[in-house]
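Geometric and topological summary
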Amino acid sequence: MIGRAWVVALSLFAGLAQASASQDAIAWLAKVSAASQTLNYAGTFVYQTGRTTETSRIAHISDATGEYERLETLDGPPREIVRSNGDVRFYLPQEKIIISDHAMPKRFPAWAHVSPDQLMGNYNVRLGSLDRVAGMPAQQVVLEPRDAFRYGHTFWVEPGSGLMLKSRMLDSTGAVVEQFAFSDVSIGGLVERDKVRSRYAAAAGGWREINARGAAVTPEEAGVSCRGLLPGFRPISTVRRQVKDGGADAVHLVYSDGLATISVFVEPIAQGRKTPVVGESAVGPTRIFKRLIGAHYLVTALGEVPPESVRRLAESVEIRQK
């Protein structure tokens, strides 16, 4: 009896210790979320996926009037993303195109805040070792997926400010799917306003502008539903938007597990249009699955998740007859 009591006590202690460690890691993630929104910072980071690398420069300002950010690629064709509070403008100088949209799900070094319950329901969250990134100390925060429907993640966080210095996504074998890492960054202090203003806006008077904002609708208004959602993923938004010039509006649904995001587009197929190619594909780390519903609708699911996740979510989509 005494031995059994010791086993129960030790198991209870281990469970409490594990829960406490997870809460500590969640607190670090909350710090990351706050830092990405409230800090001034500027730096250069490198994105890697497969054999592809891309270097970008970012500047972020937060003040009494809101958040402002500018990101520009330094490799290949020039591209620029300028965010002003809830509005985003993508500048593509070679094509002379501007795309206007609502603020998108934040990426490196930002990390959107989610409820701890949702995150811990989908990932084992723990603190890793203390490391060094861009010449600064960096605390590892490790998120291990609880199932095969999502990838694992490791974040490296600057302890004083909470800014994410490095982010790595891992598949089930431990191979790197993609990685972001600052090569240099300054945190806090004054960031000049010019650094978050577009360098192309003044010359873009004759450029073609595409409004991709769309209009928010309810799932009932959209006429689209999912038979059974992917485990751990919740609906985030439903928007009706145009995805092709001159084409009919598509319904864009967004689902998230608190970290990973999957977009689902349900697009009417115009009469006389060539039958779309369906099945699996990929663009870098983004997995894509397309299927037809009858001869009238094309469903496209995409996200930085395992292939089974986009397939399963796409196959759950149903069109409700109005």
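The model shown is predicted, which means the values in this text are computed figures rather than measured ones. (Residues numbered from 1 in each chain as written. Predicted model: local features only at pLDDT ≥ 70, side-chain atom pairs only at ≥ 80, totals over all residues. Heavy atoms only, no water.)

1. Section: the confidence of the model for the protein
Note: predicted coordinates in regions of low pLDDT should not be interpreted at a detailed level. Mean pLDDT for the protein: 88, with 90% of residues reaching 70 or above. Low pLDDT, under 50, characterises residues 6-19; the stretch is placed with zero contacts to residues that sit more than four places away or in other chains. (pLDDT = per-residue confidence, 0-100. Contact = heavy atoms within 4.5 Å.)

2. What about the pairing of strand 4 (residues 80-84)?
Two elements, strand 3 (residues 66-73) and strand 4, share five bridges in a ladder whose sense is antiparallel. Each residue of the ladder has a partner; that of E72, found in strand 4, is E80. Here strand 3 hands over to strand 4 after six residues, with G76 in that stretch at a positive phi of 65 degrees. Taking the residues between adjacent antiparallel strands as the criterion, strand 4 and strand 5 (residues 87-92) are bridged by two residues, where N85 takes a positive phi near 55 degrees. (Pairing = 2+ DSSP bridges. Helix = DSSP H or I, 4+ residues; strand = E, 2+ residues; numbered from the N terminus.)

3. Digging into the side chain of H252
By secondary structure assignment, the location of H252 is in strand 16 (residues 249-256). Polar side-chain contacts of H252 include one of 3.4 Å to the side chain of R241. A distance of 2.9 Å separates a polar atom in the side chain of H252 from a polar atom in the side chain of S263. Beyond its immediate stretch of four places on either side in the chain, H252 contacts S237, T238, V239, R241, S263, V264 and F265. (Polar contact = N/O pair within 3.5 Å; in protein donor to acceptor, adjacent residues only side chain to side chain.)

4. Observations regarding the environment of E144
Examined against the element boundaries, E144 turns out to sit in strand 8 (residues 136-145). Spatially, the C-alpha atom of E144 lies 9.2 Å from that of L170, the residues being 26 residues apart in sequence. Among all residues touching E144, those that are not within four sequence positions of it are N122, Y123, N124 and R126. Looking at E144, its side chain comes within polar contact range of the side chain of R126, at 3.1 Å.

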